[in-house]
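Descriptive analysis of the structure
Spelled out, the chains give:
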Amino acid sequence: MPGRHINNQQVRLFMTLRMTQTQQTAAARSGISVASARRIERAPAPGTAAHEPRSYRTRVDPLAGIWDEEIVPLLQASPGLRPVTIYHELCRRLPDRVDHAIRRTIERRIREWRALHGAERPVIFPQLQVPGRMGLSDFTDANGLGVTICGVLLPHRLYHFAMAYSGFEHTEVVLGGESYVALASGLANALVSLGGSPLEHRSDSLSAAFRNLAVPDAEDITRRYAALVEHYGMVATRNNRGVAHENGAIESRNGHVKDRLEQALELRGHTDFQTLDDYRAFVARVVGDHNRRQHKMIEIERPLLRPLPSTQPVMWEEATVRVTSSSGFSLRQTFYTVPSKLIGHRLRLRIHDDHIEAYLGGSYLFSLKRGRRPAKASGRSSTHVVSYHHVIGSLRAKPGALANLSYRDALWPQPAYRRAWDALSAVQSVREAARTMVGLLALAHDQGVEGELARALTQTLDEGKLPDLALLRIRFTPAAASAPVVIVQLPPLALYDSLLSIAQTGGIAA
């Protein structure tokens, strides 16, 4: 149009329209005159001059005297330096020459220099996944989900198994670290859910399982892991240490599974669960929904899996402990109480991720909740997993021992009992408070009213009163019922003689 310069966009539009339309129509639709259209068509290479690179500068180079003298030597000496680090160093060296206005220029020039003169960069090769070939295992931190059990934050990880081809996934809640026990249990359950085992099992070198272990312990874990993989007929492979992208088929899925759990928690409205089993069922449901969406790919892969062995592998660690005179044993900086009749005996333990099974010889005794020392604990402090049922008999005889008992705070079965101790010890002597609390624990043990007694204590304390052991005993101890009087009347023996004589004469039909 008159008075306006023709831009490259108009030229390109005109040349495109000219392929199917007349010169006049194409010129009108492009907003140029017919004369300009004829000139464009006569040009040997219309519109290309604007794309030719300039061989001259439009302004003074802001890095003149800095680039070759300061920046290039830094890049050659330390190729790993980031552009922002070099920029801050130049600000320190040359405060009168370098300011914020040239930071982007420095970053752009460094990027171009590295493309021309920098070192070779690692290449990530896309892989073609084959059905039934590779399964992957990994652990991922799940504390960011903010899950609580009865209002108490649950520190935990997730064991995550996935099939590279079909996308089948299995996830389990892990309370401890990345141990062999958690891996073995999670892998066994995943393969049972999948219905077979793949040819290859890939992991991240199980670095967490080997951390802080002595050489014999690390070698023992290696042997057990090799036996576990061989049990399922798989080949164990691992990525190079510290190269996470080599395990990318599971690393990226770690984020996806946590996103799905986070969204499911948002729909649920809160992150609190009544029990740990409820949370585990919730995780299984979310992962199960994902597997249902992948069912077509999973059904393609299942026929190509190896059949599972008929026996289960060893999915626990073993230890032998001796029960001390304290009616307990110590294991990995955790003290556990057991029934006092086991004092002096040696117990064989099977250590799982969340519980410990105790055996005396070949006889199963009981299961204990597994305790773990807090990550931020210092010194030689221990964690206590105790039950007042195990020691109440001895506490009856020695109630004063409760006052300074090393695991007293862990002895209370519910928070109401701790509140009762704090209230009693604040106004009474320690000896009297200890005698009352031992009586309350004995009442809960003898009558099986731990929960009911806790509710009664809470009500009493909320009213600002102290627990009265005598009244509570009357309330929760059933009255002794008197036996009914039974009167037995014995018939005379002569009656039996008459019955016998009648039977011998045939008076009574057989």
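In the block above lies the structure referred to throughout.
Structural notes, computed from the coordinates. Computed from a predicted structure; not experimentally measured.

To describe two helices that pack against each other, one gives the angle between their axes and the distance between the axes. The contact between helix α13 (residues 388–397) and helix α16 (residues 430–447) brings their axes to 10 Å, and the two run at 125°. Classified by the angle between their axes, α13 and α16 sit oblique to one another. The hand of the α13/α16 crossing is left-handed. Contacts between α13 and α16 involve Tyr388, His389, Ile392, Leu395 and Arg396 from the former and Val438, Leu441, Ala442, Ala444, His445 and Asp446 from the latter.

So, on to the sheet that holds strand β2 (residues 148–149). With mixed pairing, the 3 strands of this open sheet are ordered in space as β3-β2-β8. Of all the strands in the sheet, just β3 (152–153) and β8 (272–273) have a single pairing partner and so form its edges. Looking at chain direction, β2 and β3 are connected through 2 bridges and run antiparallel. Bridging across to β3, Ile149 finds its partner in Val152.

For strand β5 (residues 169–174), the buried fraction is high: 6 of the 6 residues fall into the buried class. Bridge analysis of strand β4 (residues 157–163) against β5 gives 6 bridges, and the strand direction is antiparallel. Its bridge partner lying in β5, Tyr159 is registered against Glu172. Hairpin connection, β4 to β5: the antiparallel pair is bridged by 5 residues, and Gly167 has positive phi, about 85°.

Taken in spatial order, the 5 strands line up as β5-β4-β1-β6-β7 in an open sheet, and their pairing is mixed. What marks the edges here is a single partner per strand, and that holds for β5 and β7 (235–238). Strand after strand, the sheet turns through a mean of 20° between neighbouring axes, direction not considered.

Time to look at the environment of Asp138. Along the chain, the position of Asp138 falls in strand β1 (residues 134–141). For the pair Asp138 and Glu251, spaced 113 residues apart in sequence, the C-alpha separation works out to 7.6 Å. If sequence neighbours within four positions are ignored, Asp138 has contacts with Leu158, Tyr159, His160, Asp204, Ile250, Glu251 and Asn254. A polar side-chain atom of Asp138 sits 2.9 Å from a polar atom in the side chain of Asn254.

So, on to helix α15 (residues 415–427). Because an α-helix completes one turn every 3.6 residues, residues spaced three or four positions apart along the sequence face the same direction. The first and last C-alpha atoms of α15 sit 19 Å apart over 13 residues, in line with the 18 Å expected at 1.5 Å per residue. For α15, the set of buried residues is Ala416, Tyr417, Ala420, Trp421 and Leu424. One side of α15 holds all its buried residues, which, seen down the axis, span an arc of 140°. Residues of α15 that are exposed and point over 90 degrees away from its buried face: Pro415 and Ala426. Next to the buried residues of α15 lie α14 (408–411), α16 and α17 (450–462).

Here the focus is the nonpolar core. Core analysis: the biggest nonpolar cluster contains 33 residues, and Leu402, Leu411, Tyr417, Met437, Leu453, Leu457 and Leu472 have the highest contact counts within it. Counting only elements with at least two residues in this core, the list comes to α13, α15, α16, α17 and α18 (469–476). Ranked by residue count, the leading element in this core is α16, at 9 residues. Every residue in contact with Leu402, bar those within four places of it in the chain, is listed here: Leu395, Arg408, Leu411, Trp412, Trp421, Ala434, Met437 and Val438. Counting 23 residues, the second largest nonpolar core, distinct from the first, contains Phe161, Ala182, Ala184 and Leu305.

Cut-offs used in this document
- Residues numbered from 1 in each chain as written.
- Predicted model: local features only at pLDDT ≥ 70, side-chain atom pairs only at ≥ 80, totals over all residues.
- Heavy atoms only, no water.
- Axes fitted to C-alpha atoms, helices over the stretch in contact; angles between N-to-C directions.
- Helix = DSSP H or I, 4+ residues; strand = E, 2+ residues; numbered from the N terminus.
- Parallel < 35°, antiparallel > 145°, perpendicular 65-115°, else oblique.
- Left-handed = near helix turned anticlockwise from the far one by under 90°.
- Contact = heavy atoms within 4.5 Å.
- Pairing = 2+ DSSP bridges.
- Buried < 20%, exposed > 50% of the residue type's maximum accessible area, 1.4 Å probe, protein only.
- Polar contact = N/O pair within 3.5 Å; in protein donor to acceptor, adjacent residues only side chain to side chain.
- Expected span 1.5 Å × (residues − 1).
- Arc of directions from axis to C-beta.
- Core = buried A, V, L, I, M, F, W, Y, C linked by side-chain atoms within 4.5 Å.

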